[in-house]
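# Reading the structure
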Amino acid sequence: EPGKRYTIKYSLDYTPLFYFFVIVAGFMWIYMTKIRTVRISKNILQKKHIMEGEEFTVGVEVKNYSGKAVQELEITDFVPAVFEVKEAQGIKPAMKKREAGTEIHWNVKNLSPGEERVLTYKISPVIEISGMIKLPTANVVYMTGKKETEHESNATYIGLVMQNEKEPVHRQIH
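Residues numbered from 1 in each chain as written. Predicted model: local features only at pLDDT ≥ 70, side-chain atom pairs only at ≥ 80, totals over all residues. Heavy atoms only, no water.

With that settled, the discussion passes to the sheet that holds strand β5 (residues 94–97). Ordered in space as β5-β6-β3-β9-β10, the 5 strands form an open sheet in which the pairing is antiparallel. The open sheet has two edge strands with one neighbour each: β5 and β10 (147–152). Across the sheet, the mean angle separating the axes of adjacent strands is 20° when strand polarity is ignored. In this sheet, β10 lies alongside strand β9 (residues 139–144) in antiparallel orientation, the contact comprising 6 bridges. Bridge pairing in β10 places V141 opposite E150. (Pairing = 2+ DSSP bridges. Helix = DSSP H or I, 4+ residues; strand = E, 2+ residues; numbered from the N terminus. Axes fitted to C-alpha atoms, helices over the stretch in contact; angles between N-to-C directions.)

Structure below.
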């Protein structure tokens, strides 16, 4: 009918848009705090049985994924007492012999964006050990602004399973 008035009511539900922004913010937070950071990993470069006097090379890799230069990094590793630290290549670390093992400390003044440093040292077992041993993780500590940030490396194993062993023997030494 001409001249008749109608009222149309509608509402907009912004809930999906809100959830979308929360998810995007969550991914950005993960990216900025977990992915764009300094990472550390620890590896044993030789896979062989743990025999007395045998040498193993341990590599500690530190890479700057943060997108900005990082100053004053302190990298720390620990070698259990069943191993003797033979030598370090590259940057010479400070070593402290303790009853439980040897603490190794490197100080890196500057790590540019995308730069990677590989710190290596050689260890030798003082006794023969059957199976595999889980070595302690390495740590990196550095400053981001006024906040101290610390990251831990992956767990790494040294040794091989002896052929007469049915299942791998994993020992953790601190």
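Spatial strand order, β1-β2-β7-β4: 4 strands in an open sheet with antiparallel pairing. Edge strands, defined here as strands with exactly one partner in the open sheet, are β1 (38–44) and β4 (83–89). The sheet shows a mean angle of 25° between the axes of neighbouring strands, taken without regard to direction. Judged from the 6 bridges that link them, β4 and strand β7 (residues 116–125) form a sheet pairing that is antiparallel.

What follows concerns the nonpolar core. Of all hydrophobic cores here, the largest spans 30 residues; its most connected members are L73, I75, F83, Y121, I123 and I158. Secondary structure elements with two or more residues in this core: β1, β2 (56–64), β3 (70–80), β4, β6 (101–111), β7, β8 (131–135) and β9. For I158, the contacting residues outside a window of four places in its chain are I44, I50, F56, F83, I123, G131, M132, I133 and L135. (Core = buried A, V, L, I, M, F, W, Y, C linked by side-chain atoms within 4.5 Å. Buried < 20%, exposed > 50% of the residue type's maximum accessible area, 1.4 Å probe, protein only. Contact = heavy atoms within 4.5 Å.)

In this section: the pairing of β1. Of the two faces of β1, only one is covered, namely that formed by V38, I40, K42 and I44; the face formed by R39, S41 and N43 stays uncovered. Where β1 meets β2, 7 bridges bridge the pair, whose relative direction is antiparallel. Counterpart to V38 in the pairing with β2 is N64.

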